Amino acid sequence: MEYLSAFWTGVTHALAAFLQNLGVVLILLLIAVMVMVLRTMPRPSSRRLKPDAKSHVTWDQVAGLDEAKDELAEVVEFLRDPARFAKLGARVPKGVLLYGPPGTGKTLLAKAVAGESGSAFFSVSASSFVEMYSGVGASRIRALFKAARKHAPAIIFIDELDAVGQVRAASGMNREQDQTLNQLLVELDGFETKHDVILIASTNRVDALDPALLRPGRFDRQAFVPPPDLAARIAILKVHTRVKPLAPDVDLSIVARSTAGLSGADLENICNEAAIRAARDRRKTISALDFDDALERVLAGLQTGRTMSDPEKLSVAYHEAGHALLAHLVSRLSTVHKVTIIPRGGALGYNLVLPTAERVLARRDDLISDLIMILGGRAAEQVALGTISNGAAGDLQKVTEIARAMVFDWGMGESVTTRTVSADNFGLSEETKRLRDSEQTKLCDEAYDEAVRLISAHREALDRLAERLLERETLDREDILTILHDVTSAQVTPSS
Ligand code: ADP
Ligand code: ZN
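Since the model is a prediction, treat every value here as computed from it, not as a measurement. (Residues numbered from 1 in each chain as written. Chains lettered and ligands numbered in written order. Predicted model: local features only at pLDDT ≥ 70, side-chain atom pairs only at ≥ 80, totals over all residues. Heavy atoms only, no water.)

### Looking at the packing of helix 12 (residues 310-330) against helix 16 (residues 459-472)
Then step 1. As a packed pair, helix 12 and helix 16 sit with axes 8 Å apart at the nearest point and diverge in direction by 125 degrees. Relative to helix 16, the element helix 12 is oriented oblique. Regarding helix 12 and helix 16, the two cross each other, and that crossing is right-handed. Facing Lys 313, Leu 314, Ala 317, Tyr 318, Glu 320, Ala 321, Gly 322, Ala 324 and Leu 325 of helix 12, the residues of helix 16 in contact are Arg 459, Ala 461, Leu 462, Asp 463, Leu 465, Ala 466, Leu 469 and Leu 470.
Then step 2. Here the residues of the contact of helix 12 with helix 16 are counted per class, giving twelve nonpolar, one polar and four charged. (Axes fitted to C-alpha atoms, helices over the stretch in contact; angles between N-to-C directions. Helix = DSSP H or I, 4+ residues; strand = E, 2+ residues; numbered from the N terminus. Parallel < 35°, antiparallel > 145°, perpendicular 65-115°, else oblique. Left-handed = near helix turned anticlockwise from the far one by under 90°. Contact = heavy atoms within 4.5 Å. Nonpolar A, V, L, I, M, F, W, Y, C, P; charged D, E, K, R; others polar.)

### Focus on the site of ligand 1
Then step 1. Taken together, 16 residues surround ligand 1, and among them Ala 63, Gly 103, Lys 106, Thr 107 and His 240 come closest.
Then step 2. Between Lys 106 and ligand 1, the recorded distance is 2.8 Å, taken from a side-chain N or O atom to an oxygen atom.
Then step 3. For ligand 1, an oxygen atom lies 2.9 Å from a polar atom in the backbone of Leu 108.
Then step 4. Notes on ligand 1: free accessible area 560 Å², of which the protein chains cover 82%.
Then step 5. Counting only elements with at least two residues in the shell around ligand 1, the list comes to helix 4 (106-117), helix 8 (230-240) and helix 10 (264-280).
Then step 6. Residue composition of the shell around ligand 1, grouped by class: seven nonpolar, seven polar and two charged. (Near = heavy atom within 4 Å. Polar contact = N/O pair within 3.5 Å; in protein donor to acceptor, adjacent residues only side chain to side chain. Areas by Shrake-Rupley, 256 points an atom, 1.4 Å probe, with all protein chains shown as cover.)

### Considerations on the packing of aromatic side chains
Then step 1. Throughout the structure, instances matching the rule amount to three aromatic pairs.
Then step 2. Measuring from centroid to centroid gives 5.4 Å for Tyr 99 and Phe 224, while their planes differ by 35 degrees, and the two rings are tilted. Of this pair, Tyr 99 sits in strand 1 (residues 95-99) while Phe 224 sits in strand 5 (residues 221-224); the two residues are 125 residues apart in sequence, bridging distant segments of the chain.
Then step 3. Residue Phe 224 is classed as partly exposed on the basis of its relative accessible area, which comes to 26%. (Phe/Tyr/Trp six-rings, centres within 6.5 Å; stacked < 30°, edge-to-face > 60°. Buried < 20%, exposed > 50% of the residue type's maximum accessible area, 1.4 Å probe, protein only.)

The structure is reproduced here in structure tokens:
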């Protein structure tokens, strides 16, 4: 018994010692693992954040984009000589937001501001802030601004701002993203312009940004960076062939003509591919054939549908010309500021129609003018080309909504004029419903007939507009007025 118990105590002691050692080993292991994890975690430290090598981009390397350049020229002035502005008590912008489709030169513009003003350039992608470790995004922002202040004058460029600046969804906004956004707002509000630090951010989708970012005193300057039109594409091609020896048969305006819908980045890519092809064949100059080949290669690599074939362009040109002509003819309240056949977003072309005055009340005749104008695209296709396309889907939807509201909600039908007959009106008889639907149909059909009539009556003006559009791709208000100088407003046949 004695012996046994002694034996057992010995065993227990040994076991205890072993377990103790094991515990120590385990704890050591745990510490080692933690250290390893911490080391792989990005450690934000302003000491380690260095500006990119000095930017050598200058204004003349940025082609087109005059509006954005104007907006940014002031920022350059300020960074060159902040004292001049401070003496006059001027408040200079802290943040500039550049928005537009990818590859149109937003990063390039930010670099040019740094290059022209001799500022340090800090560039980050907002998506890199959105990390899985809590708090890292926020502390990165803090470190970034601290480093920039140390290297002032400085530009901080944040790409894809929407990654942190997205509208906070009521339900599932990621907390980390939220903290990061808050820190960005704190920095924007906190930093004084005396630090000579300016934030430039870029996004493809300004509508997705949290409105808090757009409040005054934050991104108080905004510039649209549009896809390049024909003139801009020629300029971009010139910039990117500046140091490339071209054969005499190369005509950059022809290359530009066949690249509607492509971005500056795509064009740079084409120039580069053409040069590579010539070098591969050990030639001394780049030929027109090299450009043809490069164009095909780049286009094939892009998603389909971004550039249009010639018949498609013709159809879009007539469609947009139809809208513009009818706006000119029937619209009392709005004018066309710009019409273009450069594809953008989901649209193959568009008319920028702006109201001439704030419209609060809508009159029946004005709504009918709107219907006619919106159907003008399809009517022009029908009249000029003898066939219609599915390019009018968006227009038809708009027309349906307007006509529906006119009859259902506003008593603007022909016999339904003193009550609403909307869909949630459960007391409607089948007969009223039928009447309501036929009135809606009648409004749309009559507007379309009127659109066709007007277009046919001004066929020659329509051809002129479409031709100029095909040639120049974008027409502004002045151009439209010049082309339509002999066309005066028409009297709309009222539909009742
Ligand atoms: P974004 O930031 O708008 O996505 P980038 O500025 O990164 O586009 O453009 C990518 C490249 O495309 C640029 O480095 C430049 O070579 C070329 N590029 C784009 N737009 C232009 C332009 N307007 N003028 C000259 N080059 C351009
Ligand atoms: Zn249309």
